[in-house]
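Secondary and tertiary structure notes
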Amino acid sequence: MTADLFARLTERQSSQEVMAEGAVLLRGFVGKAEAELIAALRDIVGAAPFRHMVTPGGHQMSVAMTNCGNAGWVTDRTGYRYHAVDPESGKPWPTMPLLLRDLAERAAGRAGFGGFAPDVCLINRYLPGAKMSLHQDKDELDFAAPIVSVSLGLPAIFLFGGLKRSDKPRRFRLEHGDIAVWGGPSRLFFHGVAPLADGEHPIMGSQRLNLTFRKIR
Ligand code: MD3
Ligand code: FE
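Report follows, based on the coordinates. For clarity, every value in this text was computed on a predicted model and none was experimentally measured. (Residues numbered from 1 in each chain as written. Chains lettered and ligands numbered in written order. Predicted model: local features only at pLDDT ≥ 70, side-chain atom pairs only at ≥ 80, totals over all residues. Heavy atoms only, no water.)

Considerations on the site of ligand 1
Heads up, the rule is: Working definition: residue near molecule or strand if any one of its non-hydrogen atoms lies within 4 Å of it. Identification of polar contacts relies on pairs of N or O atoms within 3.5 Å, with a donor-acceptor requirement for protein atoms, meaning one able to donate a hydrogen and the other able to accept it, and with residues adjacent in sequence counted only if both atoms are side-chain atoms. Every accessible area reported is derived by Shrake-Rupley at a probe size of 1.4 Å, with residue values counting cover from the shown protein chains alone.
With respect to spatial proximity, 19 residues lie near ligand 1, and among them N124, Y126, H191, R208 and R214 are the closest. N124 is positioned with one of its side-chain polar atoms (N or O) 2.9 Å from an oxygen atom of ligand 1. A distance of 3.0 Å separates an oxygen atom of ligand 1 from a polar side-chain atom of R214. For ligand 1, the protein covers 98% of the area, taking 500 Å² as the surface of the free molecule.

Quick look at the structure:
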């Protein structure tokens, strides 16, 4: 058996599905990066713990968030913004580990977006019942760059609409190890996450983490 065939036989499966023009779902793309990815996340969350932010409307989000990278997404009563400093600690957000950046760049490249250079990774934590309402991601300056998302832990139903809030969302099940790339025309599509169902994931326990890599400048 050649080394190459052996490598292919032992590699976890990854398949590719086009959800819309510019939106590609790479199932299982995390693959062998899984253990190192989870270890890196543990360090990030140790330095910048998950917190429930408050929207400008005064509602506490059911999803808990943290960030790593040169800036992080934050919301409070005064609005949404990217900010270089974690408001809870007064310190810069943890550095984005090379492993994470590289994984996002490889996924973007596979989806046809070469040279993706994210400066922010927003990390969302869903416990059972947590959800994210339909929204657009438009706080970034550069809509030519895609957003890359990595799902870990419990599966979620992702709601994928269109350019108008009223466009009926299609549903996609995002599972542990899946990576999705949202670029081109789909970059400004409305999207959200249905309330997380109860469950227990063998590695991640009773939660779902989602990482979104963004180029904000
Ligand atoms: C489609 N997060 O953090 S990731 C978000 O699963 C967010 O936590 C969801 O929406 C989550 O803003 C969905 C998938 C995703 C991310 C950004 C997109 C899909 C997108 C931007 C444009 C279109
Ligand atoms: Fe979003």
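Some remarks on the coordination of the iron ion (ligand 2)
Let me state the cut-off plainly: Shown as donors are all N, O and S atoms within 2.8 Å of a metal ion, widened to 3.2 Å for Na, K and Ca; because water is not in the atom set, sites may appear incomplete. Just to be clear on the cut-offs, tetrahedral is four donors with all angles between 85 and 135 degrees, square planar is four donors and octahedral six with opposite donors over 155 degrees apart and all others between 65 and 115, and anything else goes down as irregular. Under the scheme applied here, a residue whose accessible area is under 20% of the maximum for its type counts as buried, over 50% as exposed, and between as partly exposed, the area being computed with a 1.4 Å probe on protein chains only.
Of the protein atoms, only H135 (NE2), D137 (OD), D137 (OD) and H191 (NE2) coordinate the iron ion (ligand 2), at distances of 2.0 to 2.7 Å. The coordination sphere of the iron ion (ligand 2) comprises six donor atoms, whose angles at the metal cover 51 to 174°; the geometry is irregular. Here the donor residues of the iron ion (ligand 2) are spaced in sequence according to H-x1-D-x53-H. Judged by its relative accessible area of 9%, D137 is buried.

What about the pattern of salt bridges?
To keep it simple, the criterion reads: When a carboxyl oxygen of Asp or Glu is within 4 Å of a side-chain nitrogen of Lys or Arg, the pair counts as a salt bridge. In this text, helices come from DSSP runs of H or I with a minimum length of four residues, and strands from runs of E with a minimum of two, each type numbered from the N-terminal end.
Under the counting rule described, the total for this entry stands at 10 salt bridges. The partner of R81 in a salt bridge is D76, and the shortest N-O contact between them spans 2.8 Å. Notably, a salt bridge pairs R187 with E140, separated by 2.7 Å at the nearest N-O pair. In this pair, R187 is assigned in the loop between β11 (179-182) and β12 (191-193) and E140 in the loop between β7 (132-135) and β8 (147-153), connecting sequence segments 47 residues apart. Exposure remark for R187: the relative accessible area of 4% places this residue in the buried category.

Overview of the nonpolar core
Test applied: Nonpolar cores are built from buried Ala, Val, Leu, Ile, Met, Phe, Trp, Tyr and Cys residues. Side-chain atoms within 4.5 Å join them into one set. Residue contacts are defined here by distance: any two heavy atoms, one from each residue, within 4.5 Å place the two residues in contact.
Membership of the largest hydrophobic core comes to 34 residues, with the highest contact counts inside it found for L37, L100, V148, L152, L211 and F213. Of all elements in the fold, only β2 (23-27), α2 (34-47), β3 (64-69), α3 (98-110), β6 (120-126), β8, β11 and β13 (208-214) reach the threshold of two or more residues within this core. If we skip the residues at most four places from it in the chain, F213 touches M96, L100, R101, A104, F116, P118, V120, C121, P146, I147, V148 and V150. Listed in part, the 32 residues of the second largest apolar core include L25, A48, V74 and L122.

A word on the pairing of strand β4 (residues 72-76)
Put simply, the rule reads: Strand pairing requires that DSSP identify at least two bridges connecting the strands.
Burial runs high along β4: four of the five residues are buried. The sheet contact formed by β4 and strand β5 (residues 79-83) spans five bridges and is antiparallel. For T75, the partnering residue across the bridge sits in β5 and is Y80.

Examining the packing of aromatic side chains
For clarity, the threshold we go by: A pair of Phe, Tyr and Trp rings is counted when the ring centres sit within 6.5 Å of each other, with Trp represented by its six-membered ring. The angle between the planes then sorts it: under 30 degrees is stacked, over 60 is edge-to-face, the rest tilted. Working rule: Lys NZ or Arg CZ, within 6 Å of ring centre, within 35 degrees of ring normal, means a charge sits over the ring.
By the definition in use, this model includes six aromatic pairs. Here W73 and Y80 contribute two aromatic rings whose centre-to-centre distance is 5.4 Å and whose plane-to-plane angle is 25°, an arrangement assigned as stacked. Judged by centre distance (5.7 Å) and plane angle (35°), the ring pair of F158 and F160 falls under tilted. A residue is classified by how much of its surface remains accessible, and F160, at 2% relative accessible area, is buried. Aromatic ring contacts, followed pair by pair, group F158, F160, F172, W182 and F189 into a single cluster. The ring of Y126 carries R208 above its face, with NZ or CZ at 5.1 Å from the centroid.

Concerning the pairing of β3
For β3, the buried fraction is high: six of the six residues fall into the buried class. In β3, alternate side chains face the same way, and those of A64, T66 and C68 on one face and M65, N67 and G69 on the other are all buried. Pairing of β3 with β6 involves six bridges; the strand directions are antiparallel. Within the sheet, the bridge partner assigned to M65 lies in β6 and is N124.

A look at the sheet that holds β6
As a reminder of what qualifies: Axes here refer to lines fitted to C-alpha atoms; in helices the fit is confined to the stretch in contact. Angles between the N-to-C directions go from 0 to 180 degrees.
Spatially, seven strands are ordered β1-β2-β11-β8-β13-β6-β3 in an open sheet, and the strand pairing comes out antiparallel. Each edge of the sheet is formed by a strand with only one pairing partner; in this case those strands are β1 (15-20) and β3. Between one strand axis and the next, the sheet turns through 20° on average, direction left out of account. Alignment of β2 against β11, held across four bridges, turns out to be antiparallel. Note that in β11 the partner of V24 across the bridge is V181. Against the sheet, α2 touches β3, β6, β8 and β13, its axis set at about 95° to β8.

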